[in-house]
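A closer look at the structure
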Amino acid sequence: MLSIEGLTVRYRKGTPPALHELSLSVAAGERVALVGPSGSGKTTLFRAISGFVPVEAGRIVIAGTDITRARGRHLRAMRRGIGVIAQQHDLVDRMRVYQNVMAGALGRWSTPRALRFLFVPSRAEMEEARSALQRVGVAEKLRSRTSELSGGQQQRVAIARTLVQQPVVMLADEPIASLDPDLAQHILSLLCQLAGETRTALLCSLHQHEQAERHFDRIVRLQDGTIVARGDADAPLATVSQVPSACSA
Ligand code: ADP
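Quick caveat: nothing in here was measured; it's all calculated off a predicted structure. (Residues numbered from 1 in each chain as written. Predicted model: local features only at pLDDT ≥ 70, side-chain atom pairs only at ≥ 80, totals over all residues. Heavy atoms only, no water.)

A look at the pattern of salt bridges
Evaluation of the coordinates by the stated rule reveals 12 salt bridges. The salt bridge partner of Glu56 is Arg10, with a shortest N-O separation of 2.8 Å. In this pair, Glu56 sits in the loop between helix 1 (42–49) and strand 4 (57–62) while Arg10 sits in the loop between strand 1 (2–9) and strand 2 (19–26), placing the two residues 46 residues apart along the sequence. In this structure Glu56 comes out as partly exposed when scored by relative accessible area, which is 44%. With a shortest N-O distance of 2.8 Å, Arg31 and Asp217 are connected by a salt bridge. One end of the pair, Arg31, is in strand 3 (residues 31–35); the other, Asp217, is in the loop between helix 8 (209–215) and strand 9 (218–223), and 186 residues separate them in sequence. The exposure class assigned to Arg31 is buried, which follows from its relative accessible area of 19%. (Salt bridge = Lys/Arg side-chain N within 4 Å of Asp/Glu carboxyl O. Helix = DSSP H or I, 4+ residues; strand = E, 2+ residues; numbered from the N terminus. Buried < 20%, exposed > 50% of the residue type's maximum accessible area, 1.4 Å probe, protein only.)

Below is the structure:
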């Protein structure tokens, strides 16, 4: 579903690349954890996939479409297929929960419909928001003010918004960084379960290796912009030189 080949990204000419000839693929429904120290390139990889930083070399293919150099309308259309869950949730605090959830549908709605929804949501739209919230366990918060929710509830709402978006690829950049350990387990488990159920390719960056082992199918370790180890989450990671060339992680 997501295939990256030989990706090189450099922020400024004459400086070392933030990503160097990185190759990685994630199948539909597969959950891959990206681990590595600060500065190893995890966020840059997400930015490159979302089209926010230019690619110097290599290819990014999503659902069979090469999106490496997409621009304008093509880039916007391609972003609809990518769900993003940020470290600090990026909901609009002053909006109601259902409005934030249905923001996931904006990519498939016309501007008049989106505006109408803000003021007079239809029964079907409210039902879609409620159903997404139910899947993440906070259906009772449908009409609450977003600012009144706890950090964990807000992260659930962000996941519900991604469900409404129906992406083919989900990128989660340290989604549990601001949560306490128990809640972090719940959110990771929910994210991985939903990715499996909806057949979405999930790429999630994490600080702690134990969490990657517990919840994910595969782990990829980044350092200095390259993959230094990879493997199944339930086995010791193989350094890249030990990986047979036929194995695409
Ligand atoms: P991580 O997410 O693993 O902490 P990043 O992707 O943020 O790593 O950073 C990878 C490298 O790119 C680091 O050397 C960092 O300093 C550099 N970098 C990140 N963002 C920028 C930027 N906007 N401009 C220049 N260099 C950047």
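From this point, the discussion proceeds with the structure in view.
What to know about the packing of helix 5 (residues 123–135) against helix 6 (residues 151–165)
In a packed pair of helices, the relevant descriptors are the angle between the two axes and the axis-to-axis distance. The geometry of helix 5 relative to helix 6 is characterised by a closest axis approach of 9 Å and an angle of 125 degrees between their N-to-C directions. Taken together, the axes of helix 5 and helix 6 are oblique relative to one another. Note on packing geometry: the crossing formed by helix 5 with helix 6 is right-handed. Along its contact with helix 5, which presents Glu128, Ala132, Leu133 and Arg135, the element helix 6 presents Val157, Ala160, Leu163 and Val164. (Axes fitted to C-alpha atoms, helices over the stretch in contact; angles between N-to-C directions. Parallel < 35°, antiparallel > 145°, perpendicular 65-115°, else oblique. Left-handed = near helix turned anticlockwise from the far one by under 90°. Contact = heavy atoms within 4.5 Å.)

Description of the packing of helix 6 against helix 7 (residues 181–198)
For the pair helix 6 and helix 7, the least separation of the axes is 11 Å and the interaxial angle reads 10 degrees. The orientation of helix 6 with respect to helix 7, classified from their angle, is roughly parallel. On the side of helix 6, the interface is formed by Gly152, Gln155, Arg156, Ile159 and Leu163, while helix 7 contributes Leu183, His186, Ile187, Leu190, Leu191, Leu194 and Thr198. Taken together, the residues of the contact of helix 6 with helix 7 sort by class into 7 nonpolar, 4 polar and 1 charged. (Nonpolar A, V, L, I, M, F, W, Y, C, P; charged D, E, K, R; others polar.)

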